[in-house]
Number of protein chains: 2
Amino acid sequence: MDTRGVLTPQNEDFPRWYQDVLNKAELADNGPVRGTMVIRPYGYALWERMQAEVDRRIKQAGADNAYFPLFIPESYLDRESDHVEGFSPELAVVTMGGGRELAEPVVVRPTSETIINAYFSKWVQSHRDLPLLINQWANVVRWEMRPRIFLRTTEFLWQEGHTAHATRQEARDYAARILHDVYQDFMESVLAVPVLIGYKTEAERFPGAINSMCLEAMMRDGKALQMGTSHELGQSFAAMFDITYLDADGKQAHVWQTSWGVSSRMVGGLIMAHGDDRGLVVPPKLAPVQAVVIAVRDAEGVVEACHRLSGELAAAGIRARVDDKTGSGFGRRATDWELKGVPIRVEIGPRDLEQHQATLAFRTGGEKQTVNLSEVPEQVEAMLGRIQQRILSDATAWRDSRIADAGTQAEVREASSTGFARIPWARLGPEGEAALAEDAITVRCLQRPDGSLPHSSGEPDLIAVCGRSY
Amino acid sequence: MDTRGVLTPQNEDFPRWYQDVLNKAELADNGPVRGTMVIRPYGYALWERMQAEVDRRIKQAGADNAYFPLFIPESYLDRESDHVEGFSPELAVVTMGGGRELAEPVVVRPTSETIINAYFSKWVQSHRDLPLLINQWANVVRWEMRPRIFLRTTEFLWQEGHTAHATRQEARDYAARILHDVYQDFMESVLAVPVLIGYKTEAERFPGAINSMCLEAMMRDGKALQMGTSHELGQSFAAMFDITYLDADGKQAHVWQTSWGVSSRMVGGLIMAHGDDRGLVVPPKLAPVQAVVIAVRDAEGVVEACHRLSGELAAAGIRARVDDKTGSGFGRRATDWELKGVPIRVEIGPRDLEQHQATLAFRTGGEKQTVNLSEVPEQVEAMLGRIQQRILSDATAWRDSRIADAGTQAEVREASSTGFARIPWARLGPEGEAALAEDAITVRCLQRPDGSLPHSSGEPDLIAVCGRSY
């Protein structure tokens with residue numbers, strides 16, 4: 001099946017390829033207000049599956065969901081100049097409400113640190129109230145001058161976790177737990193996107209954090225995408241919002257806090273980490289549709305057989321769907337499902353039906369297979385498992401082939417044109433970091449030589465992973 | 001266990017009772033911007049369970065979720081004066097973005113009809129694109145002068161469905177399907193809230209709709225709460241936003257549309273439909289915690305036994321939780337779980353453990369039971385089913401006892417002081433409706449004498465159900 005001409009090839013113009021995928025796979029459109037986006041059903045189904053998987057892990061980590069208001073009094077944001085400095089040029093401000101000018105303008109939340117901490121201050125009284133572990137799924141707004149759908153939009157969807165603990169160690173451990181058990185586990189085992197983990201440098205740190213941990217993935221153009229962050233906030237918000245508790249010894253103490261988030265930007269990461277010139281590639285564990293049963297044409301019994309088989313797949317726990325739109329040509333429909341990255345197509349035509357068989361076609365790797373109808377569910381299930389593993393191992397091998405060890409700034413620049421560079425942080429230093437930044441190359445994270453998370457960003461002998469980024 | 005004094009009794013001051021429940025059961029707080037609310041973890045868990053149950057039914061009805069922007073250009077709302085008339089005094093308007101005054105102010109969505117229909121106009125071209133069935137879960141903002149948490153807030157959470165069909169009949173059938181299969185089924189079988197269904201009168205109809213169907217529930221103070229609506233929009237939005245398709249005969253035609261929604265107001269409905277002087281009553285199918293296993297005190301093996309039992313309950317598919325906070329008194333904790341409306345408490349103390357038994361205590365109806373430990377999961381499961389049924393039948397019997405047949409306006413006024421009145425619509429008419437409105441009594445819905453949904457609001461011999469409302 002010839003799909004050339006449908007998408008701009010990646011190596012010709014990657015940003016145009018990305019835009020083509022958004023359009024042709026019907027993932028998202030630009031909204032009417034600059035920088036906003038309309039997430040179409042298939043794009044939203046991807047996000048919903050991400051949400052469900054991340055949410056389950058967050059709950060396993062003991063955090064409870066809650067919901068805080070969209071509107072924040074302007075005065076709340078004035079409380080912390082550091083924090084606000086990072087956000088004020090990005091704010092959307094409501095000045096009219098209920099037909100009148102507001103006495104105090106309200107800000108549309110760019111993040112909820114301030115408003116959540118104002119309530120933490122009410123809710124936390126004693127050490128018995130700790131740890132307080134809260135998560136919120138919400139839309140947030142940061143006015144965006146150079147928007148790109150899913151990657152940088154004025155409004156986006158995310159979760160933001162906010163926690164308060166009795167000790168610094170406990171807060172740090174919890175931030176690391178979220179990084180590993182929620183984010184890394186989700187990204188690697190569900191998204192099949194291998195991530196590098198580490199600490200941000202001081203220059204790249206979240207305003208107000210004492211330590212920012214992050215997860216960085218490589219896109220198919222060799223650039224980095226920050227997939228998620230988990231911050232140790234120390235006690236600065238606790239001081240600002242007066243979040244204190246009576247400890248076991250009867251003394252008042254400030255809490256130690258964390259915050260952490262992932263967003264709809266992960267949809268962009270999914271597209272760019274796995275996609276190819278035929279469109280999206282969606283790993284089976286994420287896929288809203290794991291197997292589509294396609295009626296090749298409307299001959300006797302074919303459509304019925306497709307629905308029956310889809311029912312059997314569903315009964316086997318597989319997210320299956322029927323394409324019986326035989327009014328459109330088979331080739332066109334098969335191409336559309338390829339564009340959408342559905343892992344397996346189960347094709348049934350009149351001749352297949354006669355011979356009690358179906359043809360399995362795979363989005364990634366592998367030849368078509370002819371399978372007896374009764375064996376389709378078992379075979380599809382087995383293949384989905386194998387495909388999931390292979391997407392991750394392929395992405396890992398491909399990424400690793402584009403990470404080079406560097407000893408000089410020149411070598412970092414060289415490696416960053418196609419992927420990431422690894423250089424001892426002691427050799428690069430903040431001065432080298434600043435010099436690279438002039439060429440839009442940044443330190444994505446600081447990690448141990450073996451790739452593990454350091455105890456802190458100040459640990460000796462760390463490696464700086466550098467690259468260009470989204 | 002004595003809980004007097006914890007809550008204001010319902011018959012003393014119902015609005016204060018409601019506010020007390022919100023506070024003591026830790027459901028929600030007021031936000032800092034007037035009219036906004038903070039939904040606390042337990043309140044949000046109720047909403048999440050509602051969302052999951054409604055969402056599953058919406059998907060079964062064939063609609064797909066999508067997400068449209070929070071910000072709508074002011075000009076979109078100007079397109080339809082009828083529609084805007086209903087909303088303009090309630091709008092929140094963003095005039096500053098990215099540090100500058102905006103050339104065109106943007107409105108924070110009060111509902112998404114306009115923006116969704118602008119995209120429908122792009123997406124619908126041919127009869128093959130129909131029906132288009134879209135749902136959105138989102139926050140919306142309507143500036144509220146007399147806010148009350150969950151019932152009327154400046155920001156609230158909801159789902160709004162928007163569909164486009166080829167014929168009026170298909171649109172009407174789909175709006176009715178959502179009313180019955182999604183909303184009524186959810187409210188009666190999960191929330192255990194009996195609802196009256198019918199059409200709104202012209203005076204109460206949604207601006208822009210040609211027919212509004214609704215679901216009305218009676219609260220414990222005899223007042224009505226509109227729990228959800230499903231509208232036939234006709235072709236007015238299609239004309240306004242130019243949503244046309246090429247029909248099978250090759251002619252351009254406007255689509256027929258519906259919209260439908262339920263919101264976080266249902267949490268208020270849940271509280272007021274079932275709550276009593278001891279707090280919330282949450283029906284088992286909705287309950288985030290169906291059974292709490294309480295360690296009476298921290299004697300040898302008790303806490304371990306509680307966790308073991310909770311694991312067994314979870315394995316049996318029951319949403320169970322352990323309360324092992326033996327640092328607080330047992331009575332206080334039991335009262336707190338009553339306040340939260342948890343259907344069953346499984347209490348284990350040292351003596352119970354010695355005798356291999358536990359005590360089951362029920363939030364509604366029924367004496368405490370002593371059950372052998374090994375039989376707890378089976379017994380809890382059976383009781384949850386019975387409790388679910390009894391909450392619905394009790395609520396239905398109670399409501400029906402407060403519905404009176406009326407023949408005159410005076411009788412309607414009389415009945416509305418304690419519940420609902422039923423009067424032939426032909427007898428009341430729009431003039432009678434206007435007269436009652438002066439006393440804040442409204443026609444909640446028009447239905448057939450047998451309570452079923454009429455074919456339209458113009459059908460003869462309809463009954464007007466009247467009452468005071470939230």
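See the structure printed just above.
Source: prediction; values computed, not measured. (Residues numbered from 1 in each chain as written. Chains lettered and ligands numbered in written order. Predicted model: local features only at pLDDT ≥ 70, side-chain atom pairs only at ≥ 80, totals over all residues.)

1. Some points on the interface of chain B and chain A
Contact residues are listed per partner, giving 44 residues for chain B and 43 residues for chain A. Tallying contributions element by element places strand 5 (residues 92-97) of chain B first for the side of chain B that touches chain A, with six residues. In terms of strand pairing, strand 5 (residues 92-97) of chain A meets strand 5 of chain B through five bridges, oriented antiparallel. Among the inter-strand pairings, A:Gly97 is bridged to a residue of strand 5 of chain B, identified as B:Ala92. (Contact = placed C-beta atoms within 7 Å. Helix = DSSP H or I, 4+ residues; strand = E, 2+ residues; numbered from the N terminus. Pairing = 2+ DSSP bridges.)

2. Concerning the relation of the copies chain B and chain A
Expressed as a screw operation, the relation of chain B to chain A combines 0.0 Å of axial shift with a rotation of 180°, fitting to an RMSD of 0.0 Å. Taken together, these values place the two copies in the relation of a two-fold axis. If distances are taken from each C-alpha of chain B to the rotation axis, the shortest is found for B:Val94, at 2.1 Å. When the interface residues of chain B are mapped onto chain A, 95% of them again lie at the interface, so the same face is used by both copies. (Least-squares fit on C-alpha atoms with pLDDT ≥ 70 in both.)

3. Quick look at the sheet that holds strand 4 (residues 71-73) of chain B
Pairing is antiparallel across the open sheet formed by six strands, whose spatial order is 4(A)-6(A)-5(A)-5(B)-6(B)-4(B). Each having just a single partner strand, strand 4 (71-73) of chain A together with strand 4 of chain B make up the two edges of the open sheet. Strand-to-strand twist in this sheet, taken as the mean axis angle between neighbours without regard to direction, amounts to 45°. Pairing between strand 5 of chain A and strand 6 (residues 100-108) of chain A: five bridges, direction antiparallel. (Axes fitted to C-alpha atoms, helices over the stretch in contact; angles between N-to-C directions.)

4. Digging into the sheet that holds strand 19 (residues 369-372) of chain A
All names here are of chain A. Pairing within the open sheet is mixed, and its five strands lie in the order 16-15-17-18-19. If you trace the sheet from one side to the other, it starts and ends with strand 16 (320-323) and strand 19, each paired once. Sheet twist, expressed as the average angle between the axes of neighbouring strands with direction ignored, equals 30°. Examined bridge by bridge, strand 15 (residues 291-295) and strand 16 share four bridges and lie parallel to one another. Across the sheet, Ala291 pairs through a bridge with Ala320, a residue of strand 16. Lying over the sheet, helix 10 (residues 330-339) contacts strand 15, strand 16 and strand 17 (344-348), oriented at roughly 175° with respect to strand 15. Lying over the sheet, helix 12 (residues 376-400) contacts strand 15, strand 17, strand 18 (357-362) and strand 19, oriented at roughly 10° with respect to strand 18.

5. As for the packing of helix 2 (residues 41-60) of chain A against helix 6 (residues 168-189) of chain A
All names here are of chain A. Close contact between helix 2 and helix 6 brings their axes to 9 Å; oriented N to C, the two are set at 155°. Relative to helix 6, the element helix 2 is oriented roughly antiparallel. For the element pair helix 2 and helix 6, the recorded crossing hand is right-handed. Residues Glu53, Val54, Arg57 and Ile58 of helix 2 pack against Asp181, Val182, Asp185 and Phe186 of helix 6. (Parallel < 35°, antiparallel > 145°, perpendicular 65-115°, else oblique. Left-handed = near helix turned anticlockwise from the far one by under 90°.)

6. Structural notes on helix 13 (residues 409-416) of chain A
Three- or four-residue spacings in an α-helix give side chains the same orientation, since the helix completes a turn every 3.6 residues. Residue and element names in this part refer to chain A. If you check which residues of helix 13 are buried, you get Gln409, Val412, Ala415 and Ser416. When helix 13 is viewed along its axis, its buried side chains cluster within an angular range of 125° and face the same direction. Looking at the buried positions of helix 13, the neighbouring elements they touch are strand 20 (403-405), strand 21 (420-424), helix 14 (425-437) and strand 23 (463-467). (Buried ≥ 20, exposed ≤ 12 C-beta atoms within 10 Å, placed from the backbone. Arc of directions from axis to C-beta.)

7. Concerning the pairing of strand 19 (residues 369-372) of chain B
Residue and element names in this part refer to chain B. Two elements, strand 18 (residues 357-362) and strand 19, share four bridges in a ladder whose sense is antiparallel. Residue Thr359 lies in a different strand from strand 19, and its bridge partner there is Thr370. Where strand 18 folds back on strand 19, the antiparallel hairpin that results is connected by six residues, among which Gly365 adopts a positive phi of roughly 60°.

8. Looking at the environment of B:Gly451
All names here are of chain B. For Gly451, the position within the fold is in the loop between strand 22 (442-447) and strand 23 (463-467). Residue classification places Gly451 among the exposed residues on the basis of 12 C-beta atoms within 10 Å. Between the C-alpha atoms of Gly451 and Leu462, which are 11 residues apart in sequence, the distance is 9.5 Å.

9. As for the environment of B:Leu225
Mapped onto the elements, B:Leu225 comes out in strand 11 (residues 224-234). Taking the C-alpha atoms as reference, B:Leu225 lies 34 Å from B:Lys368; in sequence the two are 143 residues apart.

10. Details of unusual backbone geometry
With an omega dihedral of -10°, the bond running from A:Leu130 to A:Pro131 counts as a cis peptide bond. Relative to the helices and strands, A:Pro131 resides in the loop between helix 5 (113-123) and strand 7 (132-141). Here the phi dihedral of A:Glu26 falls at roughly 55°; this positive angle occurs in a residue that is not glycine. Along the chain, A:Glu26 turns up in the loop between helix 1 (14-24) and strand 1 (28-30). Judged by the 16 C-beta atoms lying within 10 Å of it, A:Glu26 falls in the partly exposed class. In this model, B:Ala192 sits at a positive phi of 60°, which is unusual for a non-glycine residue. Here B:Ala192 is to be found in the loop between helix 6 (168-189) and strand 9 (196-199). Given 26 C-beta atoms within 10 Å, B:Ala192 falls into the buried group.

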